[in-house]
Amino acid sequence: MRPDFVETTNVREFHGVIRAMEDRGAVEACIVVVDGKPGLGKTTTMARWVAQTGSVYVRANIGWDYSWFITDLLTELGFQTIPYGKIKRYTLLIKTLSDRAQAARVQGKTFTLIIDECDLVSSRGEIMEAIRGISDIQSLPTILVGMGKLRDNLRRFPQIESRAPRKVEFLPATLEDTRALMVARCEVPVAEDLVAFVWKVSKGYNREILEAIAHVERAGLRLDPDPGGAGITMADMAGQVIMNDRDTGQPILVPEPV
Amino acid sequence: MVPGAVATRLLKLLNDGREHYIKGVVIALGYNHRQVSDAAALLRRRGFLTATNNGFYQLSEGGLIAVKNNVSITSGPIGPTGAARFTDTSFRARAWRAMRVRRHFSISEIVGDAVCTERQPNSNLARYFRALIAVGYVIEMPKRRRGTKQESNGFKQYSLVKDTGPRAPGYSRKRKVLHDFNLGKDIPCVAN
């Protein structure tokens, strides 16, 4: 399977929102909420974003209190020795974030703060207010990543909700996304009927689509199809496993042609 | 004071190539004894000053040439030190960042996240992984993901088990160490 990164609808929307945030009118509206069910590509998107931009990435911890949160951020910024005292830590944090953001701007890059698994702390006012404060002071684009409760919990904090007018909900892949993934990642060509079948049975979950690509590639490399041909069809894979059902764990077979 | 200023002045003072008594040099330069002896040590390291003999300084052949060429002594290394240099824009730095987000990954997943224009990212990353595995930062998982080619043994899966911070450790094949910029130390590492 080729390792190429594919810009799906979700990824394009995410990048579009970040770009729009950089052009934003309201200086304090710099929080983006990214959510969606597992398996829709959030981790891959964040991994690539962090890798390419050098953004600060922290994973929320259910045990976080204000102090721990600030300490984790400072550790993530590279500090092995954390100063003693709330004011000193906060001042150091703000200064360092500002320096990093400035350095990124000089290079024409986007620098963001990403807090993953934010659902774990999204009901805690102390942490959410700290995030809002850091984001506001720096006008620092801050991405809160979650799975389900995040958006609902933010409604309890209107002063934060108002700063997160942009929300990116990762939705199941479209047929076009599935086709793009299969063209880019699969080492054998895939016919349209099989693309449509993969999309249907995967229900648009990237994880399942990639699993299907592995099965298609395995079958295709055995069959050794004509590189200029239409590609592997449903008939070529009839009776073979294409993926496992995410709900039941049972294998899904490509149906025999009628 | 500008680094190297005393050493430069000492170099010029000794330009006749003869032995000079240290006390006279100290008086002539107007610095204290410690500053002058530090400057002399610096010139000795550069090969410009011969070994002193009971408090006498004399320029070496190299020192005389340096004076003739109007060399100024500055701070900083005078050649490759072999020390690892950190850069956060390299392919491996991007890969490290991706590894820290994913935690469990294959080489191809990290390549997909980190690649820009590198020509052989897979082999580059495989070498880096071998170094990280050798020092226990990354482990290879017991189960492989099934491969797609008939002769494939499957795709290795890895896990980042020791995340020391945001800066990617640097592997020096020459010195056989992994330098961890987060901890500020070298870890002996013999990776193939």
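Trainee: So what about the overall build of chain A? Which residues, and what values?
Mentor: Scanning chain A from terminus to terminus reveals ten helices and seven strands. Each of the three principal axes of chain A carries a C-alpha extent, and together these read 70 × 40 × 35 Å. When each of the 258 residues of chain A is scored for burial, the buried share is 49%. Considering only contacts within chain A whose residues lie at least 6 apart along the sequence, 72% involve residues at least 24 apart. Working note: accessible area of chain A is about 11,800 Å², and carbon and sulfur atoms make up 54% of it.

Trainee: Pulling in residues and values, what's your account of the overall build of chain B?
Mentor: Helix and strand content of chain B: seven helices and eight strands. For chain B, the residues scored as buried account for 41% of the 192 residues in total. Summarising the internal contacts of chain B: among those between residues at least 6 apart in sequence, 53% fall at separations of at least 24. Carbon and sulfur atoms make up 50% of the accessible area of chain B, which amounts to about 11,000 Å² in all.

Trainee: I'd like a rundown of the packing of aromatic side chains, residues and numbers included.
Mentor: Residues and elements named next belong to chain B. As enumerated under the stated definition, the model contains five aromatic pairs over all chains in all. On the numbers, 6.5 Å between centres and 45 degrees between planes, the contact of Trp96 with Tyr137 is tilted. With Trp96 in helix α5 (residues 91–102) and Tyr137 in the loop between α7 (121–134) and β4 (138–140), this pair connects stretches of sequence that are 41 residues apart. Tyr137 sits in the buried class, given a relative accessible area of 0%. With 4.8 Å between their ring centres and 80 degrees between their planes, Phe129 and Tyr158 make a pair best called edge-to-face. Separated by 29 residues along the polypeptide, Phe129 in helix α7 and Tyr158 in strand β5 (residues 158–160) bring together distant segments of the chain.

Trainee: Before we move on, can you summarise the sheet that holds β4 of chain B with the specific residues and values?
Mentor: Residues and elements named next belong to chain B. Here we have three strands laid out as an open sheet, ordered β3-β5-β4, and antiparallel in their pairing. Edge positions in the sheet fall to β3 (104–105) and β4, since each of these pairs with one other strand and no more. Where β3 lies against β5, two bridges are found, and the strand directions are antiparallel. Bridged to Phe105 within β5 is Tyr158.

Trainee: Describe the pattern of salt bridges, with residues and values.
Mentor: Following the criterion strictly, the structure yields 16 salt bridges over all chains and no others. We note a salt bridge from Glu129 of chain A to Arg132 of chain A, for which the minimum N-O separation is 2.8 Å. Of this pair, Glu129 of chain A and Arg132 of chain A both sit in helix α5 (residues 125–138), three residues apart, roughly one helical turn. The salt bridge partner of Asp163 of chain B is Arg103 of chain B, with a shortest N-O separation of 3.2 Å. Pair noted here: Asp163 of chain B is in the loop between β5 and β6 (170–172) and Arg103 of chain B is in the loop between α5 and β3, with a separation of 60 residues, a long-range link. Residue classification places Asp163 of chain B among the partly exposed residues on the basis of a relative accessible area of 26%. Linked through salt bridges whose partners overlap, the residues forming this network are Glu76 of chain A together with Arg100, Arg103 and Asp163 of chain B.

Trainee: Give me the lowdown on the sheet that holds strand β3 (residues 113–116) of chain A, citing residues and values where you can.
Mentor: All names here are of chain A. An order of β2-β3-β4-β1-β5 is seen for the five strands of this open sheet, with the pairing classed as parallel. Edge positions in the sheet fall to β2 (56–59) and β5 (166–169), since each of these pairs with one other strand and no more. Across the sheet, the axes of successive neighbouring strands diverge by a mean angle of 15 degrees, strand direction being ignored. Where β2 lies against β3, four bridges are found, and the strand directions are parallel.

Trainee: Tell me about a nonpolar patch on the surface, and name the residues and values.
Mentor: Taken together, the side chains of Ile139, Met141 and Val161 of chain B make up a nonpolar region of the molecular surface, amounting to roughly 220 Å² of accessible area. Following the sequence through the fold, Ile139 of chain B ends up in strand β4.

Trainee: I'd like to hear about the environment of Pro3 of chain A, residue by residue, with values.
Mentor: As for its placement among the helices and strands, Pro3 of chain A is situated in the segment before α1 (9–22). In sequence terms Pro3 of chain A and Arg156 of chain A are 153 residues apart; their C-alpha atoms lie 41 Å from each other. Beyond its immediate sequence surroundings of up to four residues, Pro3 of chain A is in contact with Arg185 of chain A together with Ser108, Val111 and Gly112 of chain B.

Trainee: Lay out the side chain of Gln157 of chain B in plain terms, naming residues and giving numbers.
Mentor: Looking at the element boundaries, Gln157 of chain B is found in the loop between β4 and β5. When residues no more than four places from it in sequence are discounted, the contact partners of Gln157 of chain B are Phe105, Ser106, Ile139, Glu140, Met141, Lys143 and Arg145 of chain B.

Trainee: I'd love a proper account of unusual backbone geometry, names of residues and values included.
Mentor: All names here are of chain B. With a phi close to 70 degrees, Arg103 is a non-glycine residue in the positive phi region. Located in the positive-phi region is Lys176, a residue other than glycine, with phi close to 55 degrees. For Lys176, the location among the structural elements is in the loop between β6 and β7 (177–180). What makes Lys176 partly exposed here is its relative accessible area of 45%.

Trainee: Describe the packing of helix α1 (residues 5–13) of chain B against helix α2 (residues 22–29) of chain B, naming the residues involved and giving the relevant values.
Mentor: All names here are of chain B. Two numbers describe how α1 lies on α2: the axes approach to 11 Å, and their chain directions differ by 115 degrees. Note on packing geometry: the crossing formed by α1 with α2 is right-handed. Contact residues: Arg9, Leu10 and Leu13 in α1; Val25, Ala28 and Leu29 in α2.

Trainee: Describe the interface of chain A and chain B, and please don't skip the residues or the numbers.
Mentor: Taken together, the contact pairs 26 residues of chain A with 24 residues of chain B. Taken together, the two surfaces of chain A and chain B that pack against each other cover about 2,100 Å², and 50% of this comes from carbon and sulfur. When the area that chain A buries against chain B is broken down by residue, the three leading residues are Pro3, Ala51 and Arg218 of chain A, summing to 24%. Salt-bridge contacts for Glu76 of chain A lead to Arg100 of chain B; the nearest nitrogen and oxygen are separated by 2.4 Å.

Trainee: So, helix α9 (residues 192–202) of chain A: which residues are in play, and what are the values?
Mentor: Residues and elements named next belong to chain A. Those residues of α9 lying buried are Leu194, Val195, Phe197, Val198, Val201 and Ser202. Down the axis of α9, the buried set is contained in an arc of 165 degrees. They therefore lie on one face. Among the structural elements, α8 (175–185), α10 (206–223), β6 (241–244) and β7 (251–253) are those in contact with the buried residues of α9. Looking one or two residues past α9, Lys203 carries a phi angle of roughly 60 degrees, positive in sign.

Each value, and the rule that gives it
- Residues numbered from 1 in each chain as written.
- Chains lettered and ligands numbered in written order.
- Predicted model: local features only at pLDDT ≥ 70, side-chain atom pairs only at ≥ 80, totals over all residues.
- Heavy atoms only, no water.
- Helix = DSSP H or I, 4+ residues; strand = E, 2+ residues; numbered from the N terminus.
- Buried < 20%, exposed > 50% of the residue type's maximum accessible area, 1.4 Å probe, protein only.
- Contact = heavy atoms within 4.5 Å.
- Areas by Shrake-Rupley, 256 points an atom, 1.4 Å probe, with all protein chains shown as cover.
- Phe/Tyr/Trp six-rings, centres within 6.5 Å; stacked < 30°, edge-to-face > 60°.
- Pairing = 2+ DSSP bridges.
- Salt bridge = Lys/Arg side-chain N within 4 Å of Asp/Glu carboxyl O.
- Axes fitted to C-alpha atoms, helices over the stretch in contact; angles between N-to-C directions.
- Patch = residues over 30% accessible without salt bridge, like charges linked within 9 Å, V, L, I, M, F, W, Y side chains within 5 Å.
- Left-handed = near helix turned anticlockwise from the far one by under 90°.
- Buried area = accessible area lost by both parts, 1.4 Å probe.
- Arc of directions from axis to C-beta.

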